[in-house]
Amino acid sequence: VLMSLVLLCTQRSLFSRHQNQHHNVNMILSTVLISFLSSLLQSTAAQENGYYPGSYTGASITTCLNDGAHPQYMEEQGLLNDSLEDCCEQFYIWNYFVCLADGGGIEVTGTSLWYVDHAQQVCLQDCTSGGDKATCGGLASSSDQLYDIAKSCCQAQLGYINDDLCEANSLQQEFDGTMEFYPFYQENKCVQNCEEASDLCGGIIQDSSTPMFETIEECCSEKLSHINPDICQELSDPGTGTEKFYSVTSKSRCYKDCESGVGCARINSTSIVLYEDLESCCDAMPWVSSEFCTSRSTEEASDLWYASTQNQVCVNDCLVGDGCVPLEDPTAALYATALECCQAKIPSVSSDICADVSEGNPLVGSNLYYVSYTDERCVMDCAPADDVCGGLADSSDELFANATACCEAKLSYKSLQYCETISDGGDYAGSGWYFADYPNSRCLSDCDESIPWCGGIVEESSVEMNETIAGCCDTFFPSIDSDLCAETSDPTSTGTGKYYGVVADSVCVADDEITGARIEDLSTKLYDTIEECCAAALPWVTSYYCESRSNEDYSDMWYVQYPTLCVKDCESGPGCVPLQDSSVKLYDTSLKCCEEKLNWLDSASCDARSNGLELFSDLFYVDYKNNVCKQDCSETDPLPCGGNPSESNTPLYDTLEECCETKLQWNNVDECVASSNGQDTTTAAGSNEYYVNWKLFKCAKDCIGSAPCGGLKNSWDASYSNPSDCCANHLSWIDEAECVLS
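A quick note: this is a predicted structure, and the numbers were derived from the prediction, not measured.

Here we take up the overall build of the chain. Across its full length, the chain carries 25 helices and 22 strands. A globule of 742 residues ought to have a C-alpha radius of gyration of about 27 Å, yet the chain, at 54 Å, is considerably larger. When burial is assessed residue by residue, the chain has 40% of its 742 residues classed as buried. Of the accessible surface of the chain, which amounts to about 39,900 Å², a share of 48% is contributed by carbon and sulfur atoms. Each charge sign in the chain was given a centre, from 33 positive and 119 negative side chains, and these centres are 5 Å apart.

Moving on: the state of the cysteines. A covalent bond between the sulfur atoms of two cysteines is what we call a disulfide. Throughout the structure, instances matching the rule amount to 31 disulfides. Linked covalently through their sulfurs, Cys443 and Cys472 form a disulfide whose S-S length is 2.0 Å. On the sign convention where negative means left-handed, the S-S torsion of about -95 degrees between Cys443 and Cys472 marks this disulfide as left-handed. Taken together, the residues span a long stretch of sequence, with Cys443 in strand β14 (residues 442-445) and Cys472 in helix α16 (residues 469-476) at a distance of 29 residues. By relative accessible area, which is 1% here, Cys443 ends up buried.

Let us now look at the nonpolar core. The nonpolar side chains of soluble globular proteins are, as a tendency, buried together. In this structure, Cys254, Cys293 and Leu327 are the most contacted members of the largest nonpolar core, which totals 17 residues. Element by element, the count of residues in this core is highest for helix α10 (residues 278-283), at three residues. Phe181, Cys190, Leu224 and Val248 belong to the second largest nonpolar core, which has 16 residues in total.

What follows concerns the confidence of the model for the chain. Per-residue pLDDT for the chain averages 82, and the proportion of residues at 70 or more is 91%. Confidence, expressed as mean pLDDT per element, reaches its minimum in the chain at helix α2 (residues 23-41) with 40 and its maximum at helix α14 (residues 403-410) with 93. Here residues 1-47 is a poorly scored stretch, pLDDT under 50, and it has 69 contacts once near neighbours within four places are set aside; other chains count.

So, how was this worked out
Residues numbered from 1 in each chain as written. Predicted model: local features only at pLDDT ≥ 70, side-chain atom pairs only at ≥ 80, totals over all residues. Heavy atoms only, no water. Helix = DSSP H or I, 4+ residues; strand = E, 2+ residues; numbered from the N terminus. Rg over C-alpha atoms; globule rule 2.2 N^0.38 Å. Buried < 20%, exposed > 50% of the residue type's maximum accessible area, 1.4 Å probe, protein only. Areas by Shrake-Rupley, 256 points an atom, 1.4 Å probe, with all protein chains shown as cover. Lys, Arg positive; Asp, Glu negative; His and termini not counted. Charge placed at Lys NZ, Arg CZ, Asp CG, Glu CD. Disulfide = S-S within 2.5 Å. Core = buried A, V, L, I, M, F, W, Y, C linked by side-chain atoms within 4.5 Å. pLDDT = per-residue confidence, 0-100. Contact = heavy atoms within 4.5 Å.

Structure representation (structure tokens):
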């Protein structure tokens, strides 16, 4: 009965918190009943220990324990409680009922109301999880706001998620979408809020901020108002087209937005303007003749007449038949008859003659030449127009006996050869002479540019040309090496074969596609030989270095490698170290190098060392690996001999003691000398007086062996006949019993 009362009060307390009424009264009632029950439950339990917070021991629990295993400090600091409820109230008030349930066996079922789980983005019920009820999320904490139903929780706590989606997820139910419509801006259409199982569906929307509409029309009108509503409707629910007309200005015609039929073509842009009929659509292009637009929009011709001013005739705009030439200019005026066209558009020619010729009755001209500035050539006064005839001349045209006279008089800015050839109907292939291509610093031939060395047909008489490449280079590019200009102008050339300096690499390379590298900077100076190039183009580089590297080789000469020897500039072998610094002076022999660059050393020793011969200085150097000093003498001799140092720049010292003091200063000098000589340091004698071993902060005896011996003292260490004086003078703050090494 008491257990039932506790559960009733617990649930009533949580529900009162939800209702924000009588919370304190119910909490007190729950606490009193739980205290009473806990007293009964604990009557048989051991009371001498007391309850303590389990999490204070480092365990991941939120209840109190009474197992006697509490840390000693909890008892000393009064952290133990007489009852479970007191302990839970003191340490776990934020999860009070869970603490009671876990610690005293009281079952708390929760209110079954709803609270938010932001991590999962759902609402869960206030009930213990792990049972048959999938919507339970565990008991709510005191900070959780509770709601009667899942949807209320979703609306209040997860307002950024669609209410229906949140509710379905919270109730563990499938959600197929609301079937409403929302804008899909990427494709300028409206889609349905459902899984993408049909053309209308655009996927389920989770974001509650996405506007929803009952119909496609509402969605298009509200959210895609910048698009024609018919286009929006068609894109959203594809059919066979809007059956309306739209213009294509690039083709000067209209199309019907339909699936099939004459003039049908589906729209491909949302910015298109639609028209109810063909006439309205054509009227929207006022610069286009209405007859041209309507005929082309129905895949036909107008069967009207238009002027060909070039031929001084009028032509029938038709598709099939003699004299039919479909009109290409959509702005051209159209006339019902050839005579009307001639009268309106070709006043310089007799209207009757123009009409006769236009209808197929040819006339004969003077066969003299006149200029056609449109074609930039001279044409013959004859009809119909072709490669030679330009149509009948106007009365204002000046006539000439031949094309040459016409070209010289009227087209003097054109190349005479070019003008003569095309005026007589020929194909001009160019003069074959050479002209300057200034942007690329080369000469090109006056011929069709499809040929590699040609720069195109020169039409203008103002372009200066020369008969040969050499003459062109000398005339137009005097600052460029003539050979370089000539080979640049010849696409079949593989290079001049001459040499130029590459500053970054301190070498000279051949301007040769096969053996070197083609030159890029046409202002670069070229030289006939590597030697000339190295001397003139790279004067700061040692000539031996430049010439050898330019030949992809080494100089086999000697240079200094401080501080003790000279090395050879070669690829491999004794003493070979390829030179990296191109400015370093090179010598024929190692001896010359030693004498000039290392004159403070014995020349013979330097020369021998440079050539890999074994010589010894009898000086001393450090061997860090073995923590000793070695002598520069043959390894076959007794210690401390260790052979030559592994590095030529290793510091050398006159005595073994100096080496130990300088390079192994952390060791006792006597011990270092003994070790370097191969002696057992344990047999070395000390003074048996006391000194401070600063590594140990102890006073130790100057001897080798176990305590109180602390090893041999350094020569600068003060010593004392007894440990008391040593401690008093140097370690007075330490108790003498702790001060002496023992």
